[in-house]
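# Fold and geometry: a report
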Amino acid sequence: MAFTSSPSHSIQIINASRTNFPFLPMNKPFLKNFHISLSKNISLRVESSSTAKYSDVVVDEEMDKIRRLQNGSDVRGVALQGEKGRSVDLTPPAVEAIAESFGEWVIKGLENEKGGPVEGVRVSLGRDPRISGNTLSVAVFAGLSRAGCMVFDMGLATTPACFMSTILPSFEYDASIMMTASHLPYTRNGLKFFTKKGGLTSPEVEEICDKAARKYANRHAKVSTTLPTPPTKVDFMSAYAEHLRVIIKERVNHPSHYDTPLKGFQIIVNAGNGSGGFFTWHVLDKLGADTFGSLHLNPDGMFPNHIPNPEDKVAMSLTRAAVLENKADLGIVFDTDVDRSGVVDSEGNPINGDKLIALMSAIVLKEHPGTTIVTDARTSMALTKFITNKGGQHCLYRVGYRNVIDKGVNLIKDGIETHLMMETSGHGALKENHFLDDGAYMVVKIIIEMVRMKLEGSEGGIGILIEDLEEPLESAELRMVVLSEPRYAKAKAFEAIEAFRTYIEQRSLPGWELDACGDCWVSDGCLVDTNDDPAAIDAYMYRAKVSDERNGEHGWVHLRQSIHNPNIAVNLQSTVPGGCQYMAKVLRDWFLLPSGMDKILDISQIDKYARNGNLS
């Protein structure tokens, strides 16, 4: 049934069935030790005790320049001129201060572990091919050296490789930094941080940036370009590629050609001119695969062909065309730093988003029947059905790949078997791979399954593993830009997100109910969050399930504060024709306009979609 446009449409709340996970009632205080005062002329200063009254010399605006570079568990900013309305903020002095603070943080952590001073702390640096990389690398080396660390230069590398450099024998660095801005434009760059325990959390990066902000605000000297000891150059990517080759050879265990298990398979890689070309040359080719027809393997920091992103339509369509033209068995799309991937099956079907999660779930559930799969709360109701039909459990959690991965780790601590954690963006981690979001490792799992299926006599490709996955009838993603100075944008977004929650709880949006397994209120947690130590919040978000008397539960709306940009993402999904457009109308007419949120948010995309059912 298609919806009419009237917001007075007769609606009643339908209670949908829930999983068997324990539920915690939502009656706790929203946050502990957090105070925020919002008024018409908003003024906000949230500061930890470690920075309060630090020094009369500290200038708030100078410190805020560094604090605003935090991007959840990463650091990101504009490194080159060229973006309209954006000035360069990821400067060499900023990067040096952050790298120095990270080095000090690593040293302090090791001293706490060992109960005394430590010497010879070793930190590696890898980077993607962005053209700002050379200049900013010098700043990283200077900062780490200033902190007292020994520095190792990996050169062109991938994000997963940086973590692996802390644990692979003969390297085993104490920590690592990856310089990348993932799929963002060539003008951007950033830093990702690792220790042997994995990637840093948002609170840890906040602590590092806070210390760096004080250094930056009080430092008048330029970045050091003369290092007491130059960085040691290392070829880690060869060792990492060999590590992946060994995994494929051992797990395929080919009966006739063990060392070339991919002989007879044609696999096309689209590296998007990022760091992923190594996978073609040093993994697939050496295992006997035919990689003719692969695309954009040479690193180019200007990314001249398309955005290096498995979610990018151009990237997927070019890869699909290459697979069909060459009659290949598989196509692979990597993002810039290879922590995400997507694939194209032998029939030319793009597999990313929910489809990629379903494919990985099918593979993992073969190996670990009944395991829990953790995803972010934007995944479809059809995916939940797919996972449960294959005997698995589906845990929805907060958007953000670190949130999803950390949820899986915490579930395991609580005694719940959890082997796969994936976000719809393509980030995915496995328990067997150190909970690392590694796009190359995900592809390795898919390739191993493809070869196994062939050896077992299957005539179809990996696409047959998800042929029974239903697709949502409608879905949309819209954005509401926060109308504020950058330093106040997060607070304004928080105000809007909390108003959304209040409207739903007060039944001001008939038929809308906070989804108990996707509400993302970490103070209370989702259905499986039973511990007393809730995760820190890096972005505020809620998901509402939407029902009416004719269709029952037919969709959901998810509002999320972006950690990348000053906006709120609005995701909608529906199983009935016109459902997404109707929900956009209700959101506009029953919440955004009556609440006055249209005064602090640009709702033009919501309005256009509500009127046209699209953004054209």
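We now turn to the structure provided with this report. (Residues numbered from 1 in each chain as written. Predicted model: local features only at pLDDT ≥ 70, side-chain atom pairs only at ≥ 80, totals over all residues. Heavy atoms only, no water.)

### What to know about the packing of helix H9 (residues 354-367) against helix H10 (residues 381-389)
Operational definition: Axes here refer to lines fitted to C-alpha atoms; in helices the fit is confined to the stretch in contact. Angles between the N-to-C directions go from 0 to 180 degrees. Numbering of helices and strands runs from the N terminus; a helix is a DSSP stretch of H or I covering at least four residues, while a strand is a stretch of E covering at least two. Just so you know how the angles are binned, under 35 degrees is roughly parallel, over 145 roughly antiparallel, 65 to 115 roughly perpendicular, and the rest oblique. Working rule for contacts: check all heavy atoms of both residues, and any pair within 4.5 Å makes them a contact. The classification used treats Ala, Val, Leu, Ile, Met, Phe, Trp, Tyr, Cys and Pro as nonpolar, Asp, Glu, Lys and Arg as charged, and all other residues, Gly among them, as polar.
Between H9 and H10, whose axes approach to 10 Å, the crossing angle comes to 10 degrees. It follows from the interaxial angle that H9 and H10 lie roughly parallel. In contact with Asp-354, Ile-357, Ala-358, Ser-361, Ala-362 and Leu-365 of H9, H10 contributes Leu-383, Phe-386 and Ile-387. Class assignment of the residues belonging to the contact of H9 with H10 gives a composition of 7 nonpolar, 1 polar and 1 charged.

### A short note on the packing of aromatic side chains
Between two aromatic rings, the relevant description is the distance of the centres plus the angle of the planes. This is how the line gets drawn: Each Phe, Tyr or Trp ring, with Trp reduced to its six-membered ring, pairs with another whose centre is within 6.5 Å; inter-plane angles below 30 degrees give stacked pairs, above 60 give edge-to-face pairs, and intermediate values give tilted ones. Two conditions define a charge located above a ring, namely a distance within 6 Å from the ring centre to NZ of Lys or CZ of Arg, and an angle within 35 degrees of the ring normal.
Evaluation of the coordinates by the stated rule reveals 14 aromatic pairs. Each member of the aromatic cluster is reached from another via a ring pair, and the members are Phe-152, Phe-171, Tyr-173, Phe-236, Tyr-240, Phe-278, Phe-279 and Phe-334. The ring centre of Phe-152 lies 5.3 Å from the NZ or CZ of Arg-122, which sits over that ring.

### Regarding the sheet that holds strand E11 (residues 341-344)
Under the convention used in this document: For two strands to be treated as a pair, DSSP must find at least two bridges joining them.
Reading across the sheet, the 4 strands line up as E9-E10-E11-E12 and stay open at both edges, with mixed pairing between neighbours. The sheet terminates laterally at strand E9 (267-270) and strand E12 (350-351), the two strands that pair on one side only. The pairing of E11 with E12 spans 2 bridges and is classified as antiparallel. For Val-344, the partnering residue across the bridge sits in E12 and is Pro-350. Contacts between helix H7 (residues 277-284) and the sheet are confined to E9 and strand E10 (330-334), with E9 contributing the most and set at about 150 degrees to the helix. In the packing of helix H12 (residues 439-455) onto the sheet, contacts are made with E9, E10 and E11, and the angle to E10 comes to roughly 170 degrees.

### Describing the environment of Arg-560
Using the following cut-off: Accessible area is worked out with a 1.4 Å probe on protein chains only. A residue is then buried under 20% of its type maximum, exposed over 50%, and partly exposed in between.
Residue placement: Arg-560 occurs in strand E20 (residues 552-561). With a relative accessible area of 10%, Arg-560 lands in the buried category. Ignoring sequence-local partners within four residues, the contact set of Arg-560 consists of Arg-378, Val-399, Arg-479, Ile-497, Tyr-540, Met-541, Asn-567, Ile-568 and Ala-569.

### Regarding the sheet that holds strand E13 (residues 372-376)
One open sheet accounts for 4 strands, arranged E14-E13-E15-E16; its pairing is mixed. Edge positions in the sheet fall to strand E14 (393-397) and strand E16 (428-430), since each of these pairs with one other strand and no more. In this sheet, adjacent strand axes meet at a mean angle of 20 degrees when their direction is disregarded. Pairing analysis gives 4 bridges linking E13 to strand E15 (residues 418-422), with the strands arranged parallel. If you follow Ile-373 over to E15, its bridge partner there is Leu-420. In the packing of H9 onto the sheet, contacts are made with E13, E15 and E16, and the angle to E15 comes to roughly 170 degrees. Of the strands in this sheet, E15 and E16 are in contact with H12, which crosses E16 at around 70 degrees.

### Considering the pairing of strand E19 (residues 541-548)
Counting buried residues in E19 gives 8 out of 8 residues, a clear majority hidden from the surface. Of the two faces of E19, both are covered, the one formed by Met-541, Arg-543, Lys-545 and Ser-547 as well as the one formed by Tyr-542, Ala-544, Val-546 and Asp-548. Looking at chain direction, E19 and E20 are connected through 8 bridges and run antiparallel. Bridging from a neighbouring strand, Arg-543 pairs with His-558 of E20.

### Description of the pattern of salt bridges
Note the threshold: A side-chain nitrogen of Lys or Arg and a carboxyl oxygen of Asp or Glu constitute a salt bridge if their distance falls within 4 Å.
Applying the stated criterion to the full structure yields 34 salt bridges. A salt bridge links Glu-505 to Arg-501; the shortest N-O distance between them is 3.0 Å. With Glu-505 and Arg-501 both in helix H13 (residues 489-505) and 4 residues apart, this pair spans about one turn of that helix. Glu-505 sits in the partly exposed class, given a relative accessible area of 40%. Note that Arg-588 and Asp-607 form a salt bridge whose closest N and O atoms lie 2.8 Å from each other. Of this pair, Arg-588 sits in helix H14 (residues 579-595) while Asp-607 sits in helix H15 (residues 604-612); the two residues are 19 residues apart in sequence, bridging distant segments of the chain. Salt bridges sharing partners connect three or more residues here, namely Glu-96, Glu-100, Glu-104, Arg-146 and Lys-215.

### Digging into the packing of helix H6 (residues 236-252) against H7
Stated formally: Two helices crossing with the near one rotated counterclockwise from the far one by less than a right angle form a left-handed crossing, whereas a clockwise rotation gives a right-handed crossing.
For the pair H6 and H7, the least separation of the axes is 9 Å and the interaxial angle reads 60 degrees. The orientation of H6 with respect to H7, classified from their angle, is oblique. The interaxial crossing formed by H6 with H7 has right-handed handedness. Note on element contacts: H7 touches H6 through Phe-278, Phe-279, His-282 and Val-283, opposite Met-237, Tyr-240, Ala-241, Leu-244, Arg-245 and Ile-248. Looking at side-chain class alone, the contact of H6 with H7 contains 8 nonpolar, 1 polar and 1 charged residues.

### Points about helix H8 (residues 313-326)
Which entries qualify depends on this criterion: To estimate the expected span of a helix, subtract one from its residue number and multiply by 1.5 Å. Directions from the helix axis toward the C-beta atoms define the arc. N or O atoms within 3.5 Å of each other form a polar contact, as long as, within protein, one can give a hydrogen and the other can take it, and as long as residues adjacent in sequence are counted only when both atoms are side-chain atoms.
Across its 14 residues, H8 extends 20 Å between first and last C-alpha, which sits within 8% of the 20 Å expected from 1.5 Å per residue. The complete set of buried residues in H8 reads Ala-315, Met-316, Thr-319, Ala-322, Val-323 and Asn-326. Projection of H8 onto a plane perpendicular to its axis shows the buried side chains occupying an angular sector of 130 degrees, all on one side. Exposed positions of H8 whose direction lies more than 90 degrees from the buried face are Lys-313 and Glu-325. Summarising the contacts, the buried residues of H8 are in contact with E9, E10, E11 and E12. Sitting at the head of H8, Asp-312 places a side-chain oxygen 3.3 Å from the backbone nitrogen of Val-314.

### Topic: the pairing of strand E21 (residues 567-574)
Counting buried positions over the 8 residues of E21 gives 8, a clear majority of the element. What you see with E21 is no split at all: Asn-567, Ala-569, Asn-571 and Gln-573 on one side and Ile-568, Val-570, Leu-572 and Ser-574 on the other are buried throughout. In the sheet, strand E17 (residues 474-482) pairs with E21 via 8 bridges, with the strands oriented antiparallel. Within the sheet, the bridge partner assigned to Ala-476 lies in E21 and is Leu-572. Pairing analysis gives 7 bridges linking E20 to E21, with the strands arranged antiparallel. Residue pairing for E21: Gln-561 is matched across the bridge by Ile-568.

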